[in-house]
Amino acid sequence: MKPDTFKDKKIIVGITGGIAAYKSCYLIRGLISRGADVKVIMTPSALQFITPLTLSALSGNEVIVNIFPDNQQNGTSAGTWHIEYGLWADLMIVAPATVNTIAKLSYGITDNALTTVASALRCPLIIAPAADMDMYNSPANMENLERLRKRDVFIVEGESGFLASGLTGPGRMAEVSKIIDAAETVLSGIGTDLTGKKILITAGPTFEDIDPVRFIGNRSSGKMGYQIAKAAFLRGAEITLISGPVNLPLYPEIKIQKVRSASEMQAAVKSNIKGKDILIMAAAVADYRPSEYASEKIKKEQKLKSITLVENDDILKSLKVKSTKIIGFALETENAVKNAFKKLDSKNLDMIILNIPDQAGSGFEFDTNKVTIIKKDKSQTEYEIQSKFQTANDILTEIKSLFL
Ligand code: CTP
């Protein structure tokens, strides 16, 4: 099993004075539970929202607030602790980052412990801005964010939603899970390498209804397709996700179209494929549907003996595309590689991802997966068992190197 990307990673979490500071507790917990070593630096304003005691208990390390500590903090020498922090870290995350701190970072102002360390980093910096909508959207803040972006600071944009002021709009700090996904992307050495690319992804099962209460379905959880959508979004791609009937968390910026049956999925793929660079068909599409749909619930007394099935169209085979590269999945329980080769040819795919569900930690419902990527020239790369997010990034890296 491939180790967690966060294992033994040294991360500085910088917290500034915004109401979203309470979410930083969950961020620190999330990073620690994945195996990271976390040190926290707060701005003086952050003390208005959250206490160093809480953060020290969560991180297991002393929390730095003062730029000139009056006693030795964290075993560092008082004079150069900021340099030692900068050398120590594999990553710094400022979450929440206020408009004030964003401005200071963008101009290199170092008037507190947090901004001083941020200026002395040798590692990547992620910021998760948070502000009320008018402050967030102010021209100065937009310019400052742009300046940071150009300097390769990874910005996890604020989301639209209910704000502390009672207004609804952009500025809410991104969900902690998304900041952690961004941190994983950055720690993996991946940047926004898919910027401007348009990717259509399908995910989940399809359900073929028998009557208003029953259906024929399959065990696909949708997790693999959703993780590909999230990973590609963080790498800068424009994503359209067509999802079968599953309920999984997704970033609010990702366009999603929910479908139920194979024929609905087919129509959705057809109407969205134009102009896409890549189609990734991760969905487990039902091959058959009941020949008839009973509009009223079938009663036991009807003594139903059998259901007649008709074949659904093969979505991939039905596509007529010229410039879109097509990536399929193959779920096999026997003769896996041979069957995957067959599907690669018969469905005219550019790449196929083979998935064998009976291997420990691989397949349906798991958060981990073991895949083999097979290319058009029949070359294969087998990956170790790893998280579906890591798998997603490996698939995207292959796609990027071959087609984008
Ligand atoms: N697929 C599709 N349309 C279908 C069935 C499958 O486009 N009606 C796509 C899937 O999304 C996947 C690939 O084809 O990318 C392979 O799907 P899979 O279920 O493994 O193969 P099938 O073609 O259904 O063959 P079998 O069930 O016999 O293994």
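One structure accompanies this document, and this report is about it. (Residues numbered from 1 in each chain as written. Predicted model: local features only at pLDDT ≥ 70, side-chain atom pairs only at ≥ 80, totals over all residues. Heavy atoms only, no water.)

### Description of the pairing of strand β19 (residues 371-375)
- Counting buried positions over the five residues of β19 gives five, a clear majority of the element.
- Residue alternation in β19 divides its side chains into two sets, Val371, Ile373 and Lys375 and Thr372 and Ile374, and both sets are buried.
- As paired elements, strand β17 (residues 351-355) and β19 share five bridges and run antiparallel to each other. Bridge pairing in β19 links Ile353 to Ile373. (Buried < 20%, exposed > 50% of the residue type's maximum accessible area, 1.4 Å probe, protein only. Helix = DSSP H or I, 4+ residues; strand = E, 2+ residues; numbered from the N terminus. Pairing = 2+ DSSP bridges.)

### Thoughts on the site of the ligand
- Near the ligand you find 14 residues, and of these Met281, Ala283, Phe329, Lys343 and Lys347 are the closest.
- In this structure, an oxygen atom belonging to the ligand sits 2.8 Å away from a main-chain N or O atom of Met281.
- In isolation the ligand has 570 Å² of accessible area, and contact with the protein removes 78% of it.
- Where the shell around the ligand is concerned, the elements lending two or more residues are α11 (315-318) and β16 (325-331). (Near = heavy atom within 4 Å. Polar contact = N/O pair within 3.5 Å; in protein donor to acceptor, adjacent residues only side chain to side chain. Areas by Shrake-Rupley, 256 points an atom, 1.4 Å probe, with all protein chains shown as cover.)

### Comments concerning the sheet that holds strand β12 (residues 255-258)
- Ordered in space as β12-β11-β8-β13-β16-β17-β19-β20, the eight strands form an open sheet in which the pairing is mixed. If you trace the sheet from one side to the other, it starts and ends with β12 and β20 (380-382), each paired once. Pairwise comparison of adjacent strand axes, ignoring direction, gives a mean angle of 15° for this sheet.
- In terms of strand pairing, strand β8 (residues 198-203) meets strand β11 (residues 238-243) through six bridges, oriented parallel. For Ala203, the partnering residue across the bridge sits in β11 and is Ser243.
- Helix α10 (residues 262-272) rests against β8, β11, β12 and β13 (278-281) of the sheet, and its axis sits at about 165° to β11. (Axes fitted to C-alpha atoms, helices over the stretch in contact; angles between N-to-C directions. Contact = heavy atoms within 4.5 Å.)

### Overview of helix α7 (residues 139-150)
- Taking 1.5 Å as the rise per residue, α7 with twelve residues should run 16 Å; its terminal C-alpha atoms sit 16 Å apart, in good agreement.
- The inward-facing, buried residues of α7 abut α4 (99-107), β4 (125-129), α6 (133-136) and β5 (154-155).
- Positive backbone phi, approximately 70°, marks Asp152, located one or two places after α7. (Expected span 1.5 Å × (residues − 1).)

### As for the side chain of Glu159
- Among the structural elements, Glu159 can be located in strand β6 (residues 159-162).
- Each residue touching Glu159, except ones within four places of it in the same chain, is listed here: Gly169, Pro170, Gly171, Arg172, Met173, Ala174, Glu175, Lys178, Pro252 and Glu253.

### Structural notes on α10
- Three or more residues of α10 are buried, namely Ala262, Met265, Gln266, Ala268, Val269 and Asn272. Within α10, the buried residues cover an arc of 165° as seen down the axis, which keeps them to one side.
- Contact partners of the buried residues in α10: β8, β9 (208-209), β11, β12, β13 and α11. (Arc of directions from axis to C-beta.)

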